Amino acid sequence: MNTQLLPATPAASSSGRPELSPIKKPTHGWFARQYRQRMLRTDLLTVIAWASVAAAVALWLADGGATSITSPAAAFTAAGIVAGLAGMDLVLLMLLLAARIPFIDRTIGHDRALEFHGKLGKPSLYLLLAHGLLLVIGYGMAEGLDPVSESINLWVQVPDMWLAFVSMALFIAVVVTSLVAVRRRFPYEFWYVVHLLTYAAVATSIPHQFSVGGLFAAGTWQRWYWLAICIYTGTALVYFRVLEPVLATARHQLTVARVEAVAPGVVNIVMKGRKLNQLAGTGGRFFIWRFLAPGMWWHPHPFSLSAEPVFNGPDGQGTLRVTVRNLGDGSARLLRLRKGTKVALEGPYGMLSTAARTKNKVVMIGAGIGITPLRALLETTPFAPGEATVLLRGHTDKELYLGNEILDLCQARGVRLFHLTGPRGHGRSSWLPEEAVRNGYSLTSYVPDIADADVYVCGPAAWAANVIADAGKAGVPEEQIHHERFDW
């Protein structure tokens, strides 16, 4: 069933619904300027990434690397060195993309950073494998040994070289376990522990780079370059992945205040804490939560806030809220959380927020538990009455979680609201109810001017993909479609 509950007119003050704090609307063109600035930052990151690979090779050439190519054996050795330099640089870039550095997160988003992180896995492994193979061939040719004998010789005779072999084995294990087909055969916890081997692989690869030969000899630019990027990468990982979450947890002192039933298998987890004003304006961005209860403290949960923080005391004291659906063993345990359970947090992360806006108009499309981040975004992102449309999708009205709260917000802010309920259709627009598909409905049936709006999509992956495809067919440019993937 397709139901428009509200036209694009704000509620009268006598409606009895709670009034919102005024939201300052940006001046004309502000969102476009924000987008241009973010694209400039994206270009800067791209240039830095490519320049780092070029610098690794250029510094080797500047230190006379090419002058050593005087024979076929030396050519194999030189090619192996170049492959190793490029491969190691890509590995460090992978670590920086996964370090949750705020500048990167605010520029391309957490999910895109991890997408690029994953895409670099195979190229970096291939380069490192080529590095090892070419060096073994080159060294072997120079010494009259076959590759196997040369490998054994390097392991036994050369200081720290055995660590390089261990590092290579760890890199192979990491890449293989990161393949989607393999990941689906193991629980998340197994994959996560194995993936931590990346750090061990990098740590075991560094010693031989500085102790073998004169590649990074003291006083060379290469030595300073690699020391700098290794130290920066390690510092970023330790600070943003370890220290900052510990500081945030200590700063906000979150504990579970109550667990409220929303629908069968769905609850609101309300947490109280301090200095929550420092988390304001997060919109639909997500945090990584760890509920410090027996058997649960080690399991991270990427949940968005389903409402902005509520302040009820000095020093930013107040409450936060996430809405959780029972989708497996981990989330099922959260439905039984006890009052007073301490909570650790990391974040916020992601671009499902006002920071991604490019246009004054906005469309929010959510399904199932994906509706809840849009409720928080609807509460804070700026727009004028008539400039926003919300479409909520579910099999029944009971699956439109927090629907009453969203109805109140839409009426208060002058938002068009559609409830799209019923069995899923099987046509081109299969994200819509069957009845809508049968009648030939698409996104433009609900939002005729959608090509001139930012479109936020949140819901199950396959469903969201259909929405995004429909938005593209409606003429919405890729940069105006915002969808956060939580397969991190």
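Above: the structure in question.
Because the structure is predicted, anything quoted here is derived from the model rather than measured. (Residues numbered from 1 in each chain as written. Predicted model: local features only at pLDDT ≥ 70, side-chain atom pairs only at ≥ 80, totals over all residues. Heavy atoms only, no water.)

As for the environment of R333
What counts is decided by this rule: Labels follow the DSSP assignment, with helices taken as runs of H or I lasting at least four residues and strands as runs of E lasting at least two, numbered in each case from the N terminus. Summary of the burial criterion: residues with accessible area below 20% of their type's maximum are buried, those above 50% are exposed, and those between are partly exposed, where the area comes from a 1.4 Å probe applied to protein chains only. The contact rule is simple, with two residues in contact once any of their heavy atoms fall within 4.5 Å.
As for its position among the elements, R333 is in helix α12 (residues 329–334). What makes R333 partly exposed here is its relative accessible area of 37%. Residues R333 and G295, 38 residues apart in the sequence, show an inter-C-alpha distance of 9.4 Å. What R333 contacts, discounting residues up to four positions off in sequence, is G295 and M296.

Some words on a nonpolar patch on the surface
Put simply, the rule is: Patch building starts from residues that exceed 30% relative accessible area and form no salt bridge, then joins like charges within 9 Å and nonpolar side chains (Val, Leu, Ile, Met, Phe, Trp, Tyr) within 5 Å. What sets the accessible areas is the Shrake-Rupley method with a 1.4 Å probe; for residues, cover comes only from the shown protein chains. Take a side-chain nitrogen of Lys or Arg and a carboxyl oxygen of Asp or Glu: if they are within 4 Å of each other, that pair is a salt bridge.
Together, V148, I152, W155, V156 and W162 give the surface a local cluster of nonpolar side chains, amounting to about 550 Å² of exposed area. The element that contributes the greatest number of residues to the nonpolar patch is helix α6 (residues 147–157), accounting for four residues. Along the chain, I152 falls in helix α6.

Observations concerning the sheet that holds strand β2 (residues 254–263)
To keep it simple, the criterion reads: Strand pairing is defined by DSSP finding a minimum of two bridges between the two strands. Axis definition: a line fitted to C-alpha atoms, limited for helices to the stretch in contact. Angles are taken between N-to-C directions and run from 0 to 180 degrees.
Strand order in the closed barrel made by the six strands is β2-β3-β6-β5-β4-β7, with antiparallel pairing throughout. Strand-to-strand twist in this sheet, taken as the mean axis angle between neighbours without regard to direction, amounts to 45°. Sheet analysis places strand β4 (residues 286–291) next to strand β5 (residues 301–311), joined by four bridges and oriented antiparallel. Bridged to F287 within β5 is F303.

Side note on the environment of A49
Within the secondary structure, A49 sits in helix α1 (residues 30–62). Classification of A49 by relative accessible area gives partly exposed; the value is 26%. Expressed as a C-alpha distance, the spacing of A49 and L90, which sit 41 residues apart in the sequence, is 8.5 Å. If we ignore the near neighbours within four places in the chain, the residues touching A49 are D89 and L93.

Everything listed here is a matter of geometry and, on its own, says nothing about what the molecule does.
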